[in-house]
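Descriptive analysis of the structure
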Amino acid sequence: MNTNPIQWETIDALINATAEDENLSFTWLDDLATHHLELVAYAVSEEIQAVYSELERVQVLYLLSVIWKALEGKLKPDPLDPETLEAMDEANWLTYEESEDEVKLLDDWIDECAEPELLELLIQGILEEEELEENSPEAIWGLFIQAKSCLDALLTLRLDQ
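Thresholds, definitions, all that
Residues numbered from 1 in each chain as written. Predicted model: local features only at pLDDT ≥ 70, side-chain atom pairs only at ≥ 80, totals over all residues. Heavy atoms only, no water. Helix = DSSP H or I, 4+ residues; strand = E, 2+ residues; numbered from the N terminus. Rg over C-alpha atoms; globule rule 2.2 N^0.38 Å. Buried < 20%, exposed > 50% of the residue type's maximum accessible area, 1.4 Å probe, protein only. Contact = heavy atoms within 4.5 Å. Areas by Shrake-Rupley, 256 points an atom, 1.4 Å probe, with all protein chains shown as cover. Lys, Arg positive; Asp, Glu negative; His and termini not counted. Charge placed at Lys NZ, Arg CZ, Asp CG, Glu CD. Expected span 1.5 Å × (residues − 1). Core = buried A, V, L, I, M, F, W, Y, C linked by side-chain atoms within 4.5 Å. Phe/Tyr/Trp six-rings, centres within 6.5 Å; stacked < 30°, edge-to-face > 60°. Lys NZ or Arg CZ within 6 Å of the ring centre and 35° of its normal. Salt bridge = Lys/Arg side-chain N within 4 Å of Asp/Glu carboxyl O. Patch = residues over 30% accessible without salt bridge, like charges linked within 9 Å, V, L, I, M, F, W, Y side chains within 5 Å.

A short note on the overall build of the protein chain
When helices and strands are counted, the protein chain shows nine helices and zero strands. The linear arrangement of helices and strands in the protein chain, starting from the amino end, is α-α-α-α-α-α-α-α-α. Since a compact globule built from 161 residues should have a radius of gyration of about 15 Å, the 15 Å found for the protein chain is in line with a globular shape. When the 161 residues of the protein chain are sorted by exposure, 42% land in the buried category. Long-range contacts, defined here as pairs at least 24 residues apart, represent 78% of the contacts in the protein chain between residues at least 6 apart. Summing over all exposed atoms, the protein chain offers an accessible surface of approximately 8,800 Å²; the carbon and sulfur share of this is 49%. Considering the protein chain, the positive charge centre built from 7 side chains and the negative charge centre built from 40 side chains are found 9 Å apart.

Here's what the structure looks like:
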């Protein structure tokens, strides 16, 4: 189990840094694509582009760039296996579809996550972001599950596992 999870102070510092330099998140995203192109390709796939607005897609990429920077130095240099990402996505969708209580589902996911603060970042940045509520709640959940699957896949590469 992760004995040193990333704290909100670190996440806030990264978000503040992107507020001061708006190109910083693009630099982090480029770095993420260099190391895990499969993950970025998934996040910008044709299917995702067909379903979600540009604002929604950019929000997910921004959140992934912050997560990537927060995890810097905590991941193995191995490339992400595309099958891992697919398995995470399938498992998250199955859990969501079987859930009868979305609040309990989120609580369970946070309790089970090796990096609960990073998952909270996704929850706040997607599910609780008022600007993104143009789509139906199911579509927003789809966007969240996509981002959560990316986080889960990255966490399989943690050095302390």
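Additional details are given in the paragraphs that follow.
Concerning helix H9 (residues 137-155)
Compared with an ideal rise of 1.5 Å per residue, which puts 19 residues at 27 Å, H9 spans 27 Å between its outermost C-alpha atoms and is within 8% of the ideal. Across the 19 residues that make up H9, a large majority, 17, are buried.

Observations concerning the nonpolar core
The biggest cluster of nonpolar side chains holds 49 residues, and the ones touching the most others in it are Trp109, Leu119, Leu122, Ile126 and Phe144. Contributions of two or more residues to this core are made by helix H1 (8-20), helix H2 (24-35), helix H3 (37-43), helix H5 (54-70), helix H6 (82-98), helix H7 (102-112), helix H8 (116-127) and H9. The biggest single contributor to this core is H9, with twelve residues.

Some details on the packing of aromatic side chains
Applying the stated criterion across every chain yields a total of four aromatic pairs. For the pair tyrosine 96 and tryptophan 141, a centre-to-centre distance of 5.0 Å together with 25° between the ring planes defines the contact as stacked. On the criterion of sequence distance, the pair formed by tyrosine 96 in helix H6 and tryptophan 141 in helix H9 is long-range, its members being 45 residues apart. When sorted by exposure, tyrosine 96 lands in the same class as tryptophan 141, which is buried. Between lysine 148 and the ring centre of tryptophan 109, over which it is positioned, the NZ or CZ distance is 4.5 Å.

A short note on the side chain of aspartate 89
Within the element layout of this structure, aspartate 89 appears in helix H6. There is no salt bridge for the buried aspartate 89, and the closest opposite charge comes from lysine 148, which lies 9.5 Å off by N-O distance.

Examining a negative patch on the surface
Taken together, Glu100, Asp101, Glu102, Asp107, Asp111, Glu112 and Glu138 make up a surface patch of like negative charges. When residues of the negative patch are assigned to their parent elements, the largest contribution, four residues, is made by H7. Inspection of the secondary structure assignment puts aspartate 107 in helix H7. Aspartate 107 gets classed as partly exposed once you look at its relative accessible area, which sits at 42%.

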